[in-house]
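Topology and contacts: notes
One letter stands for each residue in the lines below.
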Amino acid sequence: MKKNSIFHSISNFLFSKANREFLIFLFFCAVASIFWLLMTLNENYEQEIRIPVHYTDVPKSVVMTSAETDTIRVTVSDKGITLLSYLYGDMLKDITIDFKSHTHSNGIGEVSSGELSKKVNGILAASSKLVSIKPERLTFYYNYGDNKRVPVQYRGTVNPEDPYYLSEVAYSPDSVIVFASRQKLDSINLIYTELLNYTDFRDSLNVKARLQKIAGVKTMPDEVSIRFISDVLSELSISDIPIVGINMPEGKILRTFPAKVSVKFVAGIKTYQALSKADFRVVADYNEIVNNPSPKCNIKLEESPSGISKVALSVNQVDYLIEEQLTEGQTEGQTEKQEP
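Criteria and thresholds
- Residues numbered from 1 in each chain as written.
- Predicted model: local features only at pLDDT ≥ 70, side-chain atom pairs only at ≥ 80, totals over all residues.
- Heavy atoms only, no water.
- Helix = DSSP H or I, 4+ residues; strand = E, 2+ residues; numbered from the N terminus.
- Buried < 20%, exposed > 50% of the residue type's maximum accessible area, 1.4 Å probe, protein only.
- Areas by Shrake-Rupley, 256 points an atom, 1.4 Å probe, with all protein chains shown as cover.
- Patch = residues over 30% accessible without salt bridge, like charges linked within 9 Å, V, L, I, M, F, W, Y side chains within 5 Å.
- Salt bridge = Lys/Arg side-chain N within 4 Å of Asp/Glu carboxyl O.
- Contact = heavy atoms within 4.5 Å.
- Pairing = 2+ DSSP bridges.
- Axes fitted to C-alpha atoms, helices over the stretch in contact; angles between N-to-C directions.
- Core = buried A, V, L, I, M, F, W, Y, C linked by side-chain atoms within 4.5 Å.
- 1 Å grid on protein atoms, 1.4 Å probe; cavity = no way out; pocket = protein on both sides within 12 Å on 5 of 7 lines; lining within 4 Å.
- Points joined across faces, edges and corners; volume = space filled by probe spheres on them.
- Nonpolar A, V, L, I, M, F, W, Y, C, P; charged D, E, K, R; others polar.

1. A closer look at the overall build of the protein
Within the protein one finds 7 helices and 22 strands. Residues counted as buried form 30% of the 340 residues belonging to the protein. Per element, the accessible surface of the protein, about 21,600 Å² overall, is 52% carbon and sulfur.

What follows is the structure, given as structure tokens:
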């Protein structure tokens, strides 16, 4: 009884005089919209449509170094209803190209513009007019397995925000297999990614990057994972690095005062934690001391690790002595001390 009462109330509301007029208005709006749509779809339009192109009968010994499925863009003129069926229906089929019929002996195959137009017209409705094809002719590349492994390098702008800096870039994989003609393989020593643009990040950044497309070149895989590792720059130092004499004649020893110095530099915290005194080499050159006698000798940083900048010694000159080594039969008291 309650349901009948609710239904009766709804009926009275919908079919009251005011609402009945509104429903009639909506009905005529819908009818008008349908007529407008039918008239619109009956007009002629031009529309660009993408059509996949597949290569068939490719020998097993052949490696396609261009895409195994190319795509052409065709502009077609027809009624709107037909163009809609091309875009959203299954009326338009793919185009197939016989590999053997279109290849040359130089690793290049080609489909002429005339044949391409013929194949496109063959899958269009009789009412459709082909306006243009891009590209006008199709060129594809292949080889018989020539390849080499090439390292990967990112391309673009990757900058963390201040005071962070990019301390390390890790690739997975760090190299890819490149298939191409022998001539192209000889000229390829590095494969770049497509342009990347990442800025103002703090933590390490992980991205998937597709590799740069090169005509006639196929890479396996065609994308890599890249981890951009950031770190904070700081002014740091390492102490107690010994000064080593170089070019010392036999029987002579260089003693410096102090015997050890500090090295100052700018680096990230992670880089600093991996460093040790053995990564640095500070030297004093005997030849320079002899050729330029002075109460103090110059010292210089001969070796330092990568990943640091603005490297400087705590001092650039030190006091020194050149001693004669003990020979057989001499006592410690007989050791000579010389200053050049």
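Picking up after the structure, the text goes on.
2. Some thoughts on a nonpolar patch on the surface
Taken together, the side chains of I81, L84, L87 and Y88 define a hydrophobic patch exposed on the protein surface, amounting to about 420 Å² of accessible area. For Y88, the position within the fold is in helix α3 (residues 80-88).

3. A closer look at the environment of S314
Locating S314 in the fold gives a position in the loop between β20 (309-313) and β21 (317-324). The class for S314 is partly exposed, based on a relative accessible area of 39%. Here the alpha-carbon distance between S314 and V261, two residues 53 residues apart in the chain, equals 6.4 Å. Not counting residues up to four positions away in its chain, the partners in contact with S314 are V261 and S262.

4. Let's talk about the sheet that holds strand β2 (residues 63-64)
What the 3 strands build is an open sheet, ordered β2-β7-β5; its pairing is antiparallel. Bordering the open sheet on either side are β2 and β5 (108-111), each of which pairs with just one other strand. Relative to strand β7 (residues 138-143), β2 runs antiparallel, the two being bridged by 2 bridges. For M64, the partnering residue across the bridge sits in β7 and is Y142.

5. Some thoughts on the environment of G156
With respect to the helices and strands, G156 occurs in strand β8 (residues 147-159). Once the C-alpha coordinates of G156 and Y192 are considered, the two residues, 36 residues apart in sequence, prove to be 9.6 Å apart. In contact with G156, other than residues within four places in its own chain, are L195 and L196.

6. Section: the pattern of salt bridges
Under the criterion given, the structure shown has 10 salt bridges. For R182, the salt bridge identified is with D146, shortest N-O distance 3.7 Å. Taken together, the positions of R182 in helix α5 (residues 182-187) and D146 in the loop between β7 and β8 put the pair 36 residues apart, joining distant regions of the chain. R202 serves as the salt-bridge partner of E161, at 2.4 Å between the closest nitrogen and oxygen. A residue pair is termed long-range when its members are at least 10 positions apart, and E161 in the loop between β8 and β9 (164-172) and R202 in the loop between β11 (191-199) and β12 (205-210) qualify at 41 residues. What makes E161 partly exposed here is its relative accessible area of 21%. It is possible to trace a salt-bridge network through shared partners that takes in R210, D222 and E223.

7. Examining the sheet that holds β8
Paired through their backbone hydrogen bonds, the strands of a sheet run either parallel or antiparallel. With mixed pairing, the 4 strands of this open sheet are ordered in space as β11-β8-β10-β13. Across the chains shown, the open sheet's two edge strands, defined by having one partner strand only, are β11 and β13 (218-220). The average angle at which neighbouring strand axes cross in this sheet is 35°, direction not considered. Two elements, strand β10 (residues 175-179) and β13, share 3 bridges in a ladder whose sense is antiparallel. Bridging across to β13, F179 finds its partner in K218.

8. Considerations on the nonpolar core
Residues I72, V74, Y86 and V120 are the most contacted members of the largest nonpolar core, which totals 25 residues. Of all elements in the fold, only β1 (44-56), β3 (69-79), α3, β4 (95-98), α4 (113-123), β6 (129-134) and β7 reach the threshold of two or more residues within this core. Here this core gets 4 residues from one element, more than from any other, and that element is β1. In this view, V74 contacts Q47, E48, I49, I51, V120, L130, S132 and I133; residues no more than four positions away in its chain are not counted. Formed by 22 residues, the second largest nonpolar core is a distinct cluster that contains I243, A267, I308 and Y320.

9. Focus on the layout of surface pockets
In this approach the atoms are scanned with a rolling probe the size of a water molecule, which exposes any empty space left behind. Of the volumes computed, that of the largest pocket is approximately 510 Å³. Residue lining of the largest pocket: 21 residues in total, with T65, S66, A67, K213 and V217 positioned closest to the centre. Taken together, the elements giving at least two residues each to the lining of the largest pocket come down to β7 and β13. Among the elements that line the lining of the largest pocket, the one with the most residues is β13, at 3 residues. Taken as a whole, the second largest pocket encloses approximately 220 Å³ of empty space. Lining of the second largest pocket is provided by 16 residues; of these, N106, G107, I108, Y142 and S181 occupy positions nearest its centre. Mapped onto the lining of the second largest pocket, the elements with two or more residues apiece are β7 and α5. With 3 residues, β7 is the largest single contributor of residues to the lining of the second largest pocket. Taken together, the residues of the lining of the second largest pocket sort by class into 5 nonpolar, 8 polar and 3 charged.

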